[in-house]
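The chain contents come next:
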Amino acid sequence: MIKKIAWETFKNTGDINAFMELKQIEDIEKGMEIKAAKLSEEKEWKKEN
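Residues numbered from 1 in each chain as written. Predicted model: local features only at pLDDT ≥ 70, side-chain atom pairs only at ≥ 80, totals over all residues. Heavy atoms only, no water.

Student: Help me understand the overall build of the chain in this model?
Tutor: Of regular secondary structure, the chain possesses 2 helices and 0 strands. Classification of the 49 residues of the chain by burial places 10% in the buried group. Summed over all atoms, the accessible surface of the chain reaches about 4500 Å², with 59% contributed by carbon and sulfur. Within the chain, the 11 negative side-chain charges are centred at a point lying 1 Å from the centre of the 10 positive side-chain charges. (Helix = DSSP H or I, 4+ residues; strand = E, 2+ residues; numbered from the N terminus. Buried < 20%, exposed > 50% of the residue type's maximum accessible area, 1.4 Å probe, protein only. Areas by Shrake-Rupley, 256 points an atom, 1.4 Å probe, with all protein chains shown as cover. Lys, Arg positive; Asp, Glu negative; His and termini not counted. Charge placed at Lys NZ, Arg CZ, Asp CG, Glu CD.)

See below:
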């Protein structure tokens with residue numbers, strides 16, 4: 001979703017910085033999702049052991 005917003009912003013403004021900033025936000029969100037999934041797995045593993 002953010003990638004689409006970033007692309008549309010770039011197309012409308014021609015500002016590559018806006019595109020890059022929104023892409024960074026997308027990357028941060030992905031990293032947060034991965035960390036949350038790992039944390040959830042760790043909690044499940046601790047419950048089982």
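Student: Is there a simple way to explain the packing of aromatic side chains in this structure?
Tutor: Each aromatic ring pair is described using two quantities: the centre-to-centre distance and the angle formed by the ring planes. Using the criterion set out here, one finds 3 aromatic pairs in the structure. With a centroid separation of 6.3 Å and 80° between ring planes, the pair formed by W7 and F19 is classed as edge-to-face. Of this pair, W7 sits in helix α1 (residues 2–13) while F19 is found in helix α2 (residues 16–48), placing the two residues 12 residues apart along the sequence. Given a relative accessible area of 43%, W7 falls into the partly exposed group. Accessibility expressed as a relative area gives 17% for F19, which makes it buried. Taking the centre distance of 6.1 Å and the plane angle of 55° together, the rings of F10 and F19 count as tilted. Relative accessible area serves as the criterion here: at 24%, F10 is assigned to the partly exposed category. Through pairs of rings, three or more aromatic residues link up here, namely W7, F10 and F19. (Phe/Tyr/Trp six-rings, centres within 6.5 Å; stacked < 30°, edge-to-face > 60°.)

Student: Just checking my understanding: could you explain the side chain of E26 for this structure?
Tutor: Note on placement: E26 falls in helix α2. Apart from residues no more than four positions distant in its own chain, E26 is found in contact with I2 and K3. (Contact = heavy atoms within 4.5 Å.)

Student: Mind showing me how you'd approach α1 here?
Tutor: The periodicity of an α-helix, 3.6 residues per turn, causes residues three or four places apart in sequence to face the same way. Between its first and last C-alpha, α1 extends 16 Å over 12 residues, near the 16 Å set by a 1.5 Å rise per residue. Two residues or fewer after α1 comes G14, characterised by a positive phi angle close to 75°. (Expected span 1.5 Å × (residues − 1).)

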